[in-house]
Amino acid sequence: MKYLIPFFALLLVAPRCLQAADQPPAHINVQNLPNQATLVDDVVVPVPSEIFGVLDKLGSPNWHDVLRSGKVSPPGKRPQTALLLGTVIAEGFIAVEAQDSEEIKKIGHNVLDLAGAIGVKKSVISRSNAIIEAADKKDWAKARTELDGALHDVKQAMIELHDDELAQLVSLGGWLRGTEALCLVVQKNYTKDGADLLHQPLLLQYFQRRLDGMSPHLKMDTVKTIRAKLNDIAPLVSGPTISPKDVDDVLAIVHELVKSIQQP
């Protein structure tokens, strides 16, 4: 069986598979996705416009209510910085949906600062400038494309530096912030279709495997806490139906995890 994963996870696990969709359907039918979607370990990966289209049709989310403003500072420890970078890039996609040019520009600067703290600043200077320029012009499609590119370039630079595991933490941070945002949208206007977007047991297993095999020196307290809490999230997103209480419970867990990542 194949499962849907939200667009945030796609952007942070397989950013280069994005393609534009013309008219997003009112409901995502898994069987109709193969022409546009991609598979990651048998997980159906819909394109971002399909996910946003579904959410908009389900309740026209107010993305400004979901957006989290503010400048971030590198926390010092590289694993937490990588997690934080993931949350910031996910925030960028939310800011694009909110069409908030000032927040997008802040996020462009934040990406540059965090990439510098990890040692891959050179890989994102041009992307960061392009994000800021696109925000000035209110070119939302370009801003999203450059965010996608920034993520890819950062992760590729990490891999070239043999920091593959840090790249996985970037992915994990983005997934956590994206899941938090998705829960907030679904919680405000619960529908079964909206809640189904949280049904992602295979993706959760993907992150669990990556964390289990991670080098001991990267398993700082925040990483250990996240690994333990994934066990609590798993049963909530694995059942045939995700109830309003399940959404509330997932939100409570990921909110605390994102908060711990963002604390200096």
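Residues numbered from 1 in each chain as written. Predicted model: local features only at pLDDT ≥ 70, side-chain atom pairs only at ≥ 80, totals over all residues. Heavy atoms only, no water.

Undergrad: What is the right way to look at the overall build of the protein chain in this model?
TA: What the protein chain contains, in helices and strands, is twelve helices and three strands. With 264 residues in all, the protein chain has 57% of them scored as buried. Summed over all atoms, the accessible surface of the protein chain reaches about 11400 Å², with 50% contributed by carbon and sulfur. (Helix = DSSP H or I, 4+ residues; strand = E, 2+ residues; numbered from the N terminus. Buried < 20%, exposed > 50% of the residue type's maximum accessible area, 1.4 Å probe, protein only. Areas by Shrake-Rupley, 256 points an atom, 1.4 Å probe, with all protein chains shown as cover.)

Undergrad: Can you walk me through unusual backbone geometry in this structure?
TA: Here the phi dihedral of glutamine 99 falls at roughly 55 degrees; this positive angle occurs in a residue that is not glycine. Among the structural elements, glutamine 99 can be located in the loop between helix H4 (78–98) and helix H5 (101–118). A relative accessible area of 48% means that glutamine 99 is categorised as partly exposed. One non-glycine residue with positive phi stands out, namely histidine 162, at about 65 degrees. Its location among the elements puts histidine 162 in the loop between helix H7 (140–160) and helix H8 (164–188).

Undergrad: Hey, could you run me through H8 in this one?
TA: Residues that lie three or four places apart on an α-helix share one face, since the helix turns once every 3.6 residues. For H8, with 25 residues, the first-to-last C-alpha span of 37 Å sits near the 36 Å given by 1.5 Å per residue. Counting buried residues along H8, 19 of its 25 residues qualify, which places the element largely inside the surrounding structure. (Expected span 1.5 Å × (residues − 1).)

Undergrad: What's the story with the environment of lysine 142 in this structure? I'm lost.
TA: Of note, lysine 142 is situated in helix H7. Lysine 142 sits twelve residues away from alanine 130 along the chain, and the two C-alpha atoms are 8.4 Å apart.

Undergrad: Quick question: what am I supposed to make of the packing of aromatic side chains here?
TA: For any pair of aromatic rings, geometry is given as the distance between the ring centres together with the angle between the planes. By the definition in use, this model includes two aromatic pairs. Here the aromatic rings of tryptophan 175 and phenylalanine 207 are separated by 5.5 Å at their centres, their planes lie at 40 degrees, and the arrangement is tilted. On the criterion of sequence distance, the pair formed by tryptophan 175 in helix H8 and phenylalanine 207 in helix H10 (residues 201–212) is long-range, its members being 32 residues apart. Aromatic side chains tyrosine 206 and phenylalanine 207 sit 5.4 Å apart centroid to centroid with 75 degrees between the ring planes, which places their arrangement in the edge-to-face category. The class for phenylalanine 207 is buried, based on a relative accessible area of 2%. Taken together through their ring pairs, the aromatic side chains of Trp175, Tyr206 and Phe207 make up a single cluster. (Phe/Tyr/Trp six-rings, centres within 6.5 Å; stacked < 30°, edge-to-face > 60°.)

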